[in-house]
Amino acid sequence: MSSESLRIVWIYPDLLSTYGDRGNALILARRARQRGMPVEVVEVRSDQKLPSTADIYLVGGGEDGPQALGAQRLIADGGLHRAVAQGSVVFGVCAGYQLLGTSFFAKGVQCRGLEMLDLQSDRGESRAVGELAGEIDPRLGLPPLTGFENHGGRTHLGPEVSPLARITTGIGNDGTTEGAWRGKLLGTYSHGPALARNPALADLLLRWATGAHQLPPLDDTWSDRLRNERRSAVAAARA
Ligand code: GLN
């Protein structure tokens, strides 16, 4: 952590904030405060300079136009690149995941990404809409991923990143894998919001940011109920 409080930046709420992705900032802040950590959440709009000294950066989903504009502004700003070079954590969802790669398609045009993750996205034959679930990379030690996806892009991973999960329901990157991670950078197609539906993933980001090997457990009764309800709904839809 770079200062006494944990600094979380929610990037471009005016462009990248679909399907409840702002909830990811709320969940991170709450879970940190419940462990006694002081937290500062900063929302940085796309006409503002991005601070490069925060601990965790969140980039949410967006429609094609705002996604392309968001990527252009993040490249021009340079703050996220400086933050990553200093060891900050980045969590990208859907459009916010695609734009961390080398390129993506928006409105039929190939756009440059931030080149932070070795992956590129093109368009699929159909939109991927619905529940998303998968078994997370065992090296991360997390329970199964659950979420909701809505995207037209398909993502192809290069050798420098690892898939976040193996798909059990939905499409994710390509119908086989979902999301990607490298170092303290992690991207997923999971909305819902992802960290409300996957509190263990929120805790992973908090551990990466603080350097803690373990965090005190919290009462996750309500999120466990949500996870079980979603798992049953997916199983029922399959049967
Ligand atoms: N515009 C992107 C796509 O359709 C991302 C959509 C999203 O963020 N939900 O693939």
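Residues numbered from 1 in each chain as written. Predicted model: local features only at pLDDT ≥ 70, side-chain atom pairs only at ≥ 80, totals over all residues. Heavy atoms only, no water.

The name given to the protein chain in an unreviewed UniProt entry is Lipid II isoglutaminyl synthase (glutamine-hydrolyzing) subunit GatD, and the organism recorded there is Micromonospora chokoriensis. As stated in UniProt under Sequence similarities (unreviewed entry), the record for the protein chain gives "Belongs to the CobB/CobQ family. GatD subfamily." (UniProt positions renumbered as here; feature names shortened; annotations may be inferred.)

Draft legend 1. Geometry of the site of the ligand. Not every one of the 16 residues close to the ligand is listed here, only the nearest: Asp64, Gln67, Cys94, Asn150 and Gly153. Here a nitrogen atom of the ligand and a side-chain polar atom of Gln67 are 2.9 Å apart. The backbone of Gly153 places a nitrogen or oxygen atom 2.9 Å from an oxygen atom of the ligand. Burial of the ligand by the protein amounts to 100% of the accessible area it has alone, namely 300 Å². Residue assignment for the shell around the ligand shows that the elements contributing at least two residues are α2 (64–77), α4 (95–98), β7 (119–136) and β8 (145–157). In terms of residue count, the dominant contributor to the shell around the ligand is β8 (four residues). (Near = heavy atom within 4 Å. Polar contact = N/O pair within 3.5 Å; in protein donor to acceptor, adjacent residues only side chain to side chain. Areas by Shrake-Rupley, 256 points an atom, 1.4 Å probe, with all protein chains shown as cover. Helix = DSSP H or I, 4+ residues; strand = E, 2+ residues; numbered from the N terminus.)

Draft legend 2. Structural context of the nonpolar core. The biggest cluster of nonpolar side chains holds 66 residues, and the ones touching the most others in it are Ile11, Leu28, Ile56, Tyr57, Leu80, Phe91 and Leu99. Beyond its immediate sequence surroundings of up to four residues, Leu28 is in contact with Ile8, Ile56, Leu58, Leu195, Ala202, Leu205 and Leu206. (Core = buried A, V, L, I, M, F, W, Y, C linked by side-chain atoms within 4.5 Å. Buried < 20%, exposed > 50% of the residue type's maximum accessible area, 1.4 Å probe, protein only. Contact = heavy atoms within 4.5 Å.)

Draft legend 3. Looking closely at the UniProt feature "binding site: substrate" (unreviewed entry) in the protein chain. Following the UniProt record, the feature "binding site: substrate" (unreviewed entry) maps to Arg127 here. Turning to its location among the elements, Arg127 is positioned in strand β7. For Arg127, a relative accessible area of 43% gives the class partly exposed. In this structure Arg127 touches Asn150, His151, Gly152 and Arg154, once residues within four positions along its chain are discounted. Separated by 2.8 Å, the side chains of Arg127 and Asn150 make a polar contact.

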